[in-house]
Amino acid sequence: RASFSDKVHHSAVRCISWSTPQGLSFEHIDLFLARVTEKRLVELWGPRLMKCPRGWYMLSDRGFFDTARFYPNMNHQKTPKFLSGRDQFTTDE
């Protein structure tokens, strides 16, 4: 029961990874059973996110849009909002 995921509707584990734009993974959480939410995992891992330099933007999935408050350096987040038929960011974004 502890590993049942409401997101995928069967047993699962969760792992979140942070990486650079070049693809270098610089931080990842331990595996957790799926009952914990992704937002709660970011909150738990917050102190380790001091690695994210102050003033740097974080590209985040839509499900993480309100987790910036857990970043010790208060990093801003860019969240793709491709709901209007767009398939990529604009040059200004």
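Within any chain, residue numbers begin from 1 and follow the written order of that chain's sequence. Under the rules for a predicted model, residues below a pLDDT of 70 receive no local features and side-chain atom pairs below 80 are neither given nor counted, while totals for whole chains, interfaces and linings still include all residues. Computation of side-chain values covers all heavy atoms of the structure but excludes hydrogens and water.

A separate point is the overall build of the chain. Helix and strand assignments come from DSSP, with helices taken as H or I runs of at least 4 residues and strands as E runs of at least 2, each series counted from the N terminus. Summing up its helical and strand segments, the chain has one helix and eight strands in all. Counting helices and strands in the order they occur from the N terminus, the chain gives β-β-β-β-β-β-α-β-β. To sort residues, take the accessible area from a 1.4 Å probe on protein chains only and compare it with the maximum for the residue type: under 20% means buried, over 50% means exposed, and anything in between is partly exposed. Relative to its 93 residues, the chain shows a buried fraction of 28%. Note on contacts: a residue pair is in contact if any heavy atoms of the two residues lie within 4.5 Å. Look at the contacts in the chain between residues 6 or more apart in sequence, and 29% of them connect residues 24 or more apart. Surface accessibility of the chain: about 6,900 Å² in total, with carbon and sulfur atoms responsible for 55%. Working definition of accessibility: Shrake-Rupley area with a 1.4 Å probe, residue cover restricted to the visible protein chains.

A few words on the environment of Leu33. Tracing the backbone shows Leu33 in strand β6 (residues 32-33). Considering only alpha carbons, one finds Leu33 and Ser11, 22 residues apart in sequence, at a separation of 8.4 Å.

Attention now goes to helix α1 (residues 38-45). Taken together, the buried positions of α1 are occupied by Leu41, Val42 and Trp45. Burial along α1 is one-sided: seen end-on, the buried residues are contained in an arc of 100 degrees. Along its buried surface, α1 packs onto β3 (13-14), β4 (17-19), β5 (25-28) and β6. Directions pointing from the helix axis toward each C-beta atom define the arc.

Below, the discussion takes up the side chain of Gln77. When you line up the elements, Gln77 lands in strand β8 (residues 77-78). N or O atoms closer than or at 3.5 Å make up a polar contact, with two conditions inside protein: a donor-capable atom paired with an acceptor-capable one, and, for residues adjacent in sequence, both atoms drawn from side chains. Within polar-contact distance, the side chain of Gln77 engages the backbone nitrogen of Ala68 at 3.5 Å. Look past the residues within four positions of Gln77 in its chain and what remains in contact with it is Met58, Ser60, Phe64, Phe65, Asp66, Thr67, Ala68 and Tyr71.

Mapped onto the secondary structure, Lys78 falls in strand β8. Through-space distance from the C-alpha of Lys78 to that of Phe65 is 8.2 Å; in sequence the pair is 13 residues apart.

As a further point, take the pairing of β5. DSSP calls a pair of strands paired once it identifies at least 2 bridges connecting them. Taken together, the three bridges between β4 and β5 define a ladder with antiparallel strand orientation. Its bridge partner lying in β5, Ser19 is registered against Ser25.

With that settled, consider the confidence of the model for the chain. Close inspection of predicted coordinates is inappropriate for parts of the model with low pLDDT. Each residue carries a pLDDT value, the predictor's own confidence for that position, ranging from 0 to 100. On average, residues of the chain carry a pLDDT of 77, and 77% of them reach 70 or more. Highest mean pLDDT in the chain belongs to α1 (85); lowest belongs to strand β1 (residues 4-5) (68).

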